Amino acid sequence: MVEEKKIVINQDMKVPFHNNVDFCIGTGRMGLALTQEYQEQLQLVQKEIGFRHIRGHGLFCDDMGIYQEYEENGVTKVEYNYTYLDRVMDFYKSVGLRPFLELGFMPEKLARGAQTIFYWKGNTTPPRDYAVWCDMVQSLLHHLMDRYGAEEVVTWPIEVWNEPNLCGFWENADMQEYFRLFHRTFDAVKAVDSRFCVGGPAVCGGTDEVWIRAFMEYCKENKIAVDFVTRHHYTIEQPESVGHYDYVKLINPDNGFENLKTSRDIVDSFAAFRNIPIHITEFNTSYTPKSVIHDTNLNAAFIAHQLSRLGDGNTSYSYWTFGDVFEEQGVPFTPFHGGFGLVADGCIPKPTFWTFAFYKKLQENNATCVYRNENLVVLRKPNGSYLGVGWNPARLNTEEKHIVLSLAVEAGVYSLLTKTVDEETCNPLKMWHDLGEPANLSEEQKKLLQQAAQPFVQTQRLKSVGSEVEITLLLKQNAVVYFEVWKCDVQSDRGYDYERAVSGNGIF
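Residues numbered from 1 in each chain as written. Predicted model: local features only at pLDDT ≥ 70, side-chain atom pairs only at ≥ 80, totals over all residues. Heavy atoms only, no water.

Draft legend 1. Inspection of the overall build of the protein chain at higher detail. When helices and strands are counted, the protein chain shows twelve helices and 26 strands. In terms of overall dimensions, the protein chain is globule-like: its C-alpha atoms have a radius of gyration of 25 Å, near the 23 Å expected for 508 residues. Its C-alpha atoms give the protein chain principal-axis dimensions of about 95 × 55 × 50 Å. Residues counted as buried form 56% of the 508 residues belonging to the protein chain. Sequence separation of 24 or more characterises 76% of the internal contacts of the protein chain that already satisfy a separation of 6 or more. Accessible area for the protein chain stands at about 22100 Å²; split by element, carbon and sulfur atoms hold 48% of it. Computed over 48 positive and 67 negative side-chain charges, the separation of the two mean positions in the protein chain equals 5 Å. (Helix = DSSP H or I, 4+ residues; strand = E, 2+ residues; numbered from the N terminus. Rg over C-alpha atoms; globule rule 2.2 N^0.38 Å. Buried < 20%, exposed > 50% of the residue type's maximum accessible area, 1.4 Å probe, protein only. Contact = heavy atoms within 4.5 Å. Areas by Shrake-Rupley, 256 points an atom, 1.4 Å probe, with all protein chains shown as cover. Lys, Arg positive; Asp, Glu negative; His and termini not counted. Charge placed at Lys NZ, Arg CZ, Asp CG, Glu CD.)

Shown next, in the form of structure tokens:
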């Protein structure tokens, strides 16, 4: 069955829409930025989308080699090695990215305990000496300011730790110990330069309401002028694990948006912190790096809906992650393994890649939002042209949608451009399956999958009827469609007749 809906958009329409899609993107641990495949995937993402900040774990982990100890005359001394840090930061700068610095995890020699997380064993215990921890943080910032300039580096947001409300990420999920870490770190950063913006507590779901309220109360009682609040946002129920993979069920998106609003309400209930930024420093559908949904067109359509509303009350929202060079649960076995990334192994864009590319296009030319609903966002440029994105995530009994848009325009001839990503037109996962699900791609297979990962592009010429032009968007199940409409009168070269050329008249 097909559902058809007509929407009339007039000249006076204007609706709120906060599209900060490009503010930040997530990454696997920082040490992976030294690898070729990681850099190739990030270069592709920046070329086609273009994010402004990047956030990930592992800044102080031992594979980055920053924290060093040595013995001199029987005394243990500390020194710092920024060789790998400089390589990573130089690369980020070369592709137009600034870091959103997440301070963590703990260097093994500085750690109070032995608890670690992930395949790469990030230590998640407090420092054995807070003074040494603070010196390490301050020395890092001084080094970055010396290398890249103080005026630049003070614009980089700083987040203290990651998900301390989970015992795996912070020993015993000890709230008071985290507050101590945050307080000491906040003071240390501000002592370097008060212009730095510092925030937390970077919590995930489950106990987020308890932690955010307690965090704000602690900041109020201790007169900490926290610059922003951070949290995470995932939209699934408990996964079912089978072999190397997780299978998940999506929650009702309204429940997730309501949970985000609760965070906004808690923060705003404190007069001193009302309206301070909330950054969602991680979001995706699933919170595991082996969830098959991440590779699907359903993911792309569901995330399109998320992007239409995540700016309501949140300053930014960082997709976790840009690529599949990611090893939290070990090295992946196959190119399509349910990884978080927008890009699969072999620099193959997944459908969700294009969701972000389409939303980035909506930021062009100071366009104003004139319509937004559960399947569509439409913007008008100052010159009177239109652009927008439609989506149709499959749920039970979801129908194919035909959305008819009647757009207020000047009289004339118009061009319509559409870029379609759906299960028929842009579905590298299906091609990989049809090729036999090869674990290790040949160059020819990579090329085929890259070709199958491109949107289907169409154009059409339309003539206005009076002061309106009408277009129809076809949204099949799990589709994401980008469109543009602009006035485009034909200015043919002398002697050229398109209709005659394509009809064959005078040729055959």
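Draft legend 2. The arrangement of helix H9 (residues 351–361) in detail. With nine of eleven residues buried, H9 lies mostly within the body of the structure. Listed as buried for H9 are Pro351, Thr352, Phe353, Trp354, Thr355, Phe356, Ala357, Phe358 and Tyr359.

Draft legend 3. Representation of the packing of aromatic side chains in the model. The full count for this structure, using the stated rule, is 38 aromatic pairs. Seen from their ring centres, Phe17 and Tyr359 are 6.4 Å apart, and the 55° between their planes marks the pair as tilted. Taken together, the residues Phe17 in the loop between strand E1 (2–9) and strand E2 (24–27) and Tyr359 in helix H9 connect sequence positions 342 residues apart. Here Phe17 and Tyr359 have matching classes, each one buried. The interplanar angle of 70° and the centroid separation of 6.2 Å between the aromatic rings of Phe179 and Trp211 together place this pair among those described as edge-to-face. Placement of Phe179 in helix H5 (residues 175–192) and of Trp211 in helix H6 (residues 208–221) is noted, with a sequence separation of 32 residues between them. For the pair shown, Phe179 and Trp211 are each scored as buried. (Phe/Tyr/Trp six-rings, centres within 6.5 Å; stacked < 30°, edge-to-face > 60°.)

Draft legend 4. Seen up close, the pairing of strand E3 (residues 53–56). A two-sided burial pattern is seen for E3, the buried positions comprising His53 and Arg55 on one face and Ile54 and Gly56 on the other. Across four bridges, the pairing between E2 and E3 is parallel. Its bridge partner being in E3, Gly26 is matched across the sheet by Arg55. Chirality of the crossover, the property in question, places the unit of E2, helix H1 (residues 36–48) and E3 among those that are right-handed. Here E3 runs beside strand E6 (residues 98–99); their pairing, made up of two bridges, is parallel. In the strand pairing of E6, His53 is matched with Arg98. (Pairing = 2+ DSSP bridges. Right-handed = clockwise from strand over helix to strand, strands pointing away.)

Scope: geometric values only; no functional claims are made or implied.
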